[in-house]
Amino acid sequence: MIYNERRALFLGLTAVLLWSTVASAFKISLRYLSPVQLLFWACLTSVCILGLVLLLQGKLKEMLRMPPASLLHLGLPGLLTPWLYYLVLFKAYELLPAQEAQPLNYSWAITLSLLAVPILGHKLRRKQLAAIALSYAGVIIIATRGDPLSLHFSNGFGVFLALASTLIWATYWIWQTWSRVDPVIGLFCNFVFALPFVTLTLWLTEGFSLPDQKGLAGAMYVGMFEMGLTFLLWLKALQLTRRTVRIANLIYLSPFLSLVLIHYLVGEEILASSYLGLLLIVAGVLLQQQREFTNEEEIPS
């Protein structure tokens, strides 16, 4: 592998910038489409984009030579993501302001550390527990719009869905840690496997109709940049650098850039509580990722 730090940084920043636009794209697209319509057209777009990438990389033949049982095993996580995850997430975005749904969903990293206890047998340390408390304090501040003592949520069901999406995504992430296949092939299999379920969901709930052009354009944007190409840019950036941590830390710019774009693209007046809550969530995520080098603080699970 030939390393290229400048190109890695460029690709990493490009991926972060694109991911920063998707919360706005969700909210704008949902003005014209229902959550299930948005998922169908975005998923279809992603299948086409990822399939084309695999074809150009010469990996499509490799995938098609795999035994059906292996393909099924690769596709099964698609029931979590994209099918269930995006149905729940898009509904949360429909019910909540984007400035609330986006940071709440970003707390998935904390949910992952909690879920790893029963599933992977991990143990929580005091620093991790403090990180969890810090992040969920941010969640409460955002959900109550800066009045945490009232415990009055702007939309209780929307908040529940946004937090449920973190549980689905964290479960999917853990499932994928056991996969040793090319990540692009794995992602493509997820979307191909999920597409019939997404199609059936749309048919049973709303039926098929050609969406508004603006809605279709938004769904294609989501399929291309939330579910497809941006992931490939990010992978390439990590492959081109010797300083993986430096590139990986760029992702923490995304939620803050996202709030700025939500203001200018969606037209939401960003509340101080959204910035404060997001700051606490990100601080908690950073804190829980710090490694402990002693066992004295370990708390049995």
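Everything below is about the structure printed above this text.
None of these values were measured; they are calculated from a predicted model.

## Considerations on the overall build of the protein chain
- Tallying secondary structure elements over the protein chain gives 15 helices and 2 strands in all.
- On C-alpha atoms alone, the protein chain measures out to a radius of gyration of 19 Å, which is about the 19 Å that the 2.2 N^0.38 rule sets for 301 residues.
- The principal-axis extent of the C-alpha atoms belonging to the protein chain is close to 50 × 45 × 40 Å.
- Of all 301 residues assigned to the protein chain, the portion counted as buried reaches 50%.
- In the protein chain, 86% of the contacts between residues at least 6 apart in sequence involve partners at least 24 apart.

## Comments concerning a nonpolar patch on the surface
- Taken together, the side chains of L9, L13, L17, L253 and L257 make up a nonpolar region of the molecular surface, amounting to roughly 390 Å² of accessible area.
- In terms of residues, the nonpolar patch owes the most to one element, helix α1 (residues 5–29), which gives 3 residues.
- Mapping L17 onto the fold places it in helix α1.

## A short note on the pattern of salt bridges
- Scanning the entire structure with this criterion turns up 4 salt bridges.
- Put simply, K91 and E94 hold a salt bridge, and the shortest N to O gap is 2.7 Å. Residue K91 and its partner E94 are both found in helix α5 (residues 80–95); the two are separated by 3 residues, about one turn of the helix.
- Residue K91 is classed as partly exposed on the basis of its relative accessible area, which comes to 31%.
- Given a relative accessible area of 32%, E94 falls into the partly exposed group.
- Its salt-bridge partner being E100, residue R145 comes within 2.6 Å of it at the nearest N-O pair. Taken together, the positions of R145 in the loop between α8 (126–143) and α9 (156–177) and E100 in helix α6 (residues 98–106) put the pair 45 residues apart, joining distant regions of the chain.
- Look at E100 and you get buried, because its relative accessible area is 1%.

## Some words on the packing of helix α14 (residues 254–266) against helix α15 (residues 272–289)
- α15 packs onto α14 with a crossing angle of 165° between their chain directions and a minimal axis gap of 10 Å. With respect to their mutual orientation, α14 and α15 come out roughly antiparallel. As α14 runs across α15, the sense of the crossing is right-handed. Here P255, F256 and L259 of α14 lie close against α15, whose contacting residues are S274, Y275, L278, L279 and V282.

## A look at the packing of aromatic side chains
- By the definition in use, this model includes 16 aromatic pairs.
- Pairing Y86 with F90 gives two aromatic rings, centres 5.4 Å apart and planes at 40°, and the pair type is tilted. In this pair, Y86 and F90 both sit in helix α5, 4 residues apart, roughly one turn of the helix.
- Of the residues examined, F90 reaches a relative accessible area of 0% and is grouped as buried.
- Taken together, a centroid distance of 4.8 Å and an interplanar angle of 55° make the contact between Y221 and F225 tilted.

## Brief notes about the packing of helix α7 (residues 108–120) against α15
- Across the interface, α7 lies against α15 with an axial gap of 9 Å and an inter-helix angle of 40°. Accordingly, the angle class assigned to the pair α7 and α15 is oblique. Here the hand of the crossing between α7 and α15 comes out left-handed. Mapping the contact onto sequence places A109, I110 and S113 in α7 and G284, V285 and Q288 in α15.
- Of the residues in the contact of α7 with α15, the class split is 3 nonpolar, 3 polar and no charged.

Conventions we followed
Residues numbered from 1 in each chain as written. Predicted model: local features only at pLDDT ≥ 70, side-chain atom pairs only at ≥ 80, totals over all residues. Heavy atoms only, no water. Helix = DSSP H or I, 4+ residues; strand = E, 2+ residues; numbered from the N terminus. Rg over C-alpha atoms; globule rule 2.2 N^0.38 Å. Buried < 20%, exposed > 50% of the residue type's maximum accessible area, 1.4 Å probe, protein only. Contact = heavy atoms within 4.5 Å. Patch = residues over 30% accessible without salt bridge, like charges linked within 9 Å, V, L, I, M, F, W, Y side chains within 5 Å. Areas by Shrake-Rupley, 256 points an atom, 1.4 Å probe, with all protein chains shown as cover. Salt bridge = Lys/Arg side-chain N within 4 Å of Asp/Glu carboxyl O. Axes fitted to C-alpha atoms, helices over the stretch in contact; angles between N-to-C directions. Parallel < 35°, antiparallel > 145°, perpendicular 65-115°, else oblique. Left-handed = near helix turned anticlockwise from the far one by under 90°. Phe/Tyr/Trp six-rings, centres within 6.5 Å; stacked < 30°, edge-to-face > 60°. Nonpolar A, V, L, I, M, F, W, Y, C, P; charged D, E, K, R; others polar.

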